[in-house]
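Read off the chains here:
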There are 2 protein chains.
Amino acid sequence: MIKKIEGFIRENIAAYKYGGAIIGISGGIDSAVAGKLLVEALGKDKVYGLLLPERDSSPQTIKDSEFVCNYLNIDYKLIKITPMLRELGVYRLKPPSFWAPRALQNRYARGVWEKEAKRGYLSDLNTEGSIKFLESLAYYRTKHRIRMCTLYFEAEKRGWAVVGTTNKTEYRTGFYIKWGDDATDIEPIQHLYKTQVYEIAKELGIPEIIINKKPSPDIAPGITDEYALGLEYNDLDRILMKIEKNEDLSLENNAQVKKVIEILANVKYRNVRNLHL
Amino acid sequence: MIKKIEGFIRENIAAYKYGGAIIGISGGIDSAVAGKLLVEALGKDKVYGLLLPERDSSPQTIKDSEFVCNYLNIDYKLIKITPMLRELGVYRLKPPSFWAPRALQNRYARGVWEKEAKRGYLSDLNTEGSIKFLESLAYYRTKHRIRMCTLYFEAEKRGWAVVGTTNKTEYRTGFYIKWGDDATDIEPIQHLYKTQVYEIAKELGIPEIIINKKPSPDIAPGITDEYALGLEYNDLDRILMKIEKNEDLSLENNAQVKKVIEILANVKYRNVRNLHL
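Keep in mind that this is a model prediction, so the values were computed, not measured.

What counts and what doesn't
Residues numbered from 1 in each chain as written. Chains lettered and ligands numbered in written order. Predicted model: local features only at pLDDT ≥ 70, side-chain atom pairs only at ≥ 80, totals over all residues. Heavy atoms only, no water. Phe/Tyr/Trp six-rings, centres within 6.5 Å; stacked < 30°, edge-to-face > 60°. Helix = DSSP H or I, 4+ residues; strand = E, 2+ residues; numbered from the N terminus. Buried < 20%, exposed > 50% of the residue type's maximum accessible area, 1.4 Å probe, protein only. Least-squares fit on C-alpha atoms with pLDDT ≥ 70 in both. Contact = heavy atoms within 4.5 Å. Expected span 1.5 Å × (residues − 1). Arc of directions from axis to C-beta. Buried area = accessible area lost by both parts, 1.4 Å probe. Salt bridge = Lys/Arg side-chain N within 4 Å of Asp/Glu carboxyl O. Polar contact = N/O pair within 3.5 Å; in protein donor to acceptor, adjacent residues only side chain to side chain. Pairing = 2+ DSSP bridges. Axes fitted to C-alpha atoms, helices over the stretch in contact; angles between N-to-C directions.

> How do you make sense of the packing of aromatic side chains when you look at a structure like this?
Two descriptors summarise a pair of aromatic rings, namely the distance from one centre to the other and the angle between the planes of the rings. Residues and elements named next belong to chain A. As enumerated under the stated definition, the model contains 7 aromatic pairs over all chains in all. The interplanar angle of 80 degrees and the centroid separation of 6.4 Å between the aromatic rings of Tyr91 and Tyr139 together place this pair among those described as edge-to-face. Here Tyr91 is found in the loop between helix H4 (82-88) and helix H5 (102-116), whereas its partner Tyr139 is found in helix H7 (residues 131-158), with 48 residues between them in sequence. Since its relative accessible area comes to 7%, Tyr91 is described here as buried.

Laid out in C-alpha cells, this is it:
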C-alpha cells in the first residue's frame, strides 16, 4: 500500500504540473503520515510544511508540529492565523481563555458542547441548534477555512499543490470542515480508515510520541475526536467497514450501530455544495 | 424559467433547513440577478447582502453594490477584507496603487498580464508561468477565498445558506476561483450562460445601470472578464452552446473556436480537487 500511495502522489504531482507539495502539519498522526508519504514520494526538498496555530491552539501543538517537521527533515514555516481571525471578528464570539487553567478550560468547552449540541455530533453535521451553538460552529469552522486560504496562498505563489490529510473515517462521517480542511488538491490517505492510518504509521516508522497522542481537532480544550464523534475509532471503523462490505452487524452494540447509521444519513447536510438546476 | 429558479431556491432552503440566504453583492449583474431571485423566492427579510471590498476594489464597486442592495430592499453589511489580506501578506506582493491615476493603473495591470501570461487565460487556468505571474495569481485568488470565509462566517452564525453567483459561462470555462467564489451552498444561475443572465435580468427588471456595466472580476484595474478570457461573451456563449449541442461550427471564426476548445480542455487544471486513491 505504501508504494502504491507514493506512486499515486508522484504521478499526480507530475500530471498536474505541480512543483512540489505543501502540507499543514498539526502534530497529529494524519499529517505526520501524509507528510512522510510525500517525502518518500517526492524527496524532502519538494515538501514544505506550514504550522498554522491560533489563539486557542494547545501549547503542545506547536512543539509536536516542529518535532514532526524535524523528523521529516523538511523546510517549514510557522504562521499564526490569530490576527486574521481577530480581524474577522471570530474571537469576539468567545472569551479569551489564556488566563484559565487548562483543566478548567476543558470543563468549560465540554460544558458548552453538552448543553448546546442537543443531538451531539448530529447537531454539528446539521448546523442546527441555539444561536450560541451556531456561533461556536462558525467559530471553529472559520479557523479551518482561514488555514486553507493560507495554505493556498503559500502554494500558489510557488505553483505547488496543497495536500490534505483527511482519512476515510473522517471522510465518510463528515468529520471535516466544508471548504476548510477538505479543500485540497491531493488526499494521500483519504482511502484509509483511521485504524489503517495507525497501521501504516507503524510501517513508516512514525515516532511513537506522535502515534500515541489522543487524536483531537484542537479546536477547543478537552474536545477530542472521539469525544466529539461520540464513538471510539476502533468501534467506529469496525462498524463502518462492516457497513461498507454489507457484513453482519448483529454482534455489534446496537446503540453504536444506530449512531453510525444516523451519522451516515446526516452527512448530506454537511455536504450541501453548489446545489443547482 | 424565473418561476422554476424561485421554486428551486425555496425547496432547497427548506430541504436543508437553512433560515435564509446570504449573498455577496459585487455591483455586477450576476449578484444582482441572483439577489433578485432570492428576494422573490424567500422574501426580503430572509436575504442578507455582504459587500466585501478590499484595497484594490474599484471605487465604483461599493456605490454600485449599495445601489443594488437598496434596489433589492435587503439588509446588508459592508466588511472591508483589506486588514485580513494585509495580515496574510497578500499586499506585500504588489505595490499600493492608490496614488496612481486609474488610467495609469489600467495600463500597468494589463502590462503585467500581457508580459507574464504567456498563453493568456490558459496560463491562469494552468497556474503556470514566472514566479511574478504565480504571485499575481495567488494575490487575486486569495481575495476570493477570504471573501468566502467571511460569507460562511456570517452565514453559519445564523444557520443561513451561502448563495453563489457563478453562471454557466464561468462554470464551463473555469472562470472562478477554486475554493473561493465557487465554494457555496446554492447556485441559482449556474445553469444560465452569461447572455442568458442578461435576458433574465431584463425580465426581472434589474436597473439598466447594472445591466450596462462592463463585466469585470474587479481584481485589478483594466482587467475586464472579456479581456481576461480573450473572448467576448456573445461569441464565447454562442460557441459554447454549439459545442454543448454538438452543432456545426464551420461558420464560426476558426481562431475563436480553437481558443474555446483549448480552454475547455484545460479546465481540468483549474479543477484539481481532492485527488485520491
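> Sorry, what's going on with the relation of the copies chain B and chain A here?
A rotation about some axis, followed by a shift along it, carries one copy of the chain onto the other. The two copies are related by a screw motion: chain B maps onto chain A through a turn of 180 degrees and a shift of 0.0 Å along the axis, at an RMSD of 0.0 Å. What we have between these two chains is a two-fold relation. The rotation axis passes nearest to the C-alpha of Met84(B) in chain B, at a distance of 2.5 Å. A share of 100% of interface residues in chain B that are also interface residues in chain A marks the association as one of identical surfaces.

> Where do I start with helix H3 (residues 59-72) of chain A in this structure?
Residues that lie three or four places apart on an α-helix share one face, since the helix turns once every 3.6 residues. All names here are of chain A. For H3, with 14 residues, the first-to-last C-alpha span of 21 Å sits near the 20 Å given by 1.5 Å per residue. Taken residue by residue, H3 has Thr61, Asp64, Ser65, Val68, Cys69 and Leu72 as its buried positions. The buried residues of H3 occupy an angular sector of 140 degrees when projected down its axis, which confines them to one face. Away from its buried face, by an angle of more than 90 degrees, H3 presents the exposed residues Pro59, Lys63 and Asn70. Where the residues of H3 are buried, they touch helix H2 (29-42), strand E2 (47-51), strand E3 (75-78) and helix H10 (208-211). Asn73 occupies a position one or two residues after H3 and carries a positive phi of about 65 degrees.

> Can you walk me through the interface of chain B and chain A in this structure?
Reports often express the size of an interface as the amount of accessible area lost when the parts come together. Residue-level contacts link 55 residues of chain B with 55 residues of chain A. Taken together, the two surfaces of chain B and chain A that pack against each other cover about 4900 Å², and 67% of this comes from carbon and sulfur. Among the residues of chain B in contact with chain A, Phe153(B), Glu156(B) and Leu277(B) are the three that bury the most area, contributing 16% of the side total. Linking chain B with chain A are 8 salt bridges. Where Arg145(B) meets Glu156(A), a salt bridge forms, and the shortest distance between an N and an O atom there is 2.9 Å. Run the count over chain B and chain A and you get 21 residue pairs in polar contact (both at pLDDT 80 or more). Put simply, the parts of the chain that give the side of chain B that touches chain A at least two residues each are helix H1 (2-15), helix H4 (82-88), helix H7 (131-158) and helix H13 (254-270) of chain B. A total of 17 residues in the side of chain B that touches chain A trace back to one element, the largest contributor, which is H7(B).

> Please explain the sheet that holds strand E4 (residues 161-163) of chain B as it appears in this structure.
Sheets are built from strands paired through backbone hydrogen bonds, the pairs being either parallel or antiparallel. All names here are of chain B. In spatial order, the strands read E3-E2-E1-E4; together these 4 strands make up an open sheet with parallel pairing. Strands at the two margins of the open sheet, each flanked by one partner only, are strand E3 (75-78) and E4. Adjacent strand axes in the sheet meet at a mean angle of 25 degrees when their direction is disregarded. Note that strand E1 (residues 21-24) and strand E2 (residues 47-51) share 4 bridges and pair parallel. The residue bridging Gly24 from the neighbouring strand is Leu50, located in E2. Its contacts with the sheet place H7 against E1, E2, E3 and E4, and it is angled at close to 165 degrees to E1.

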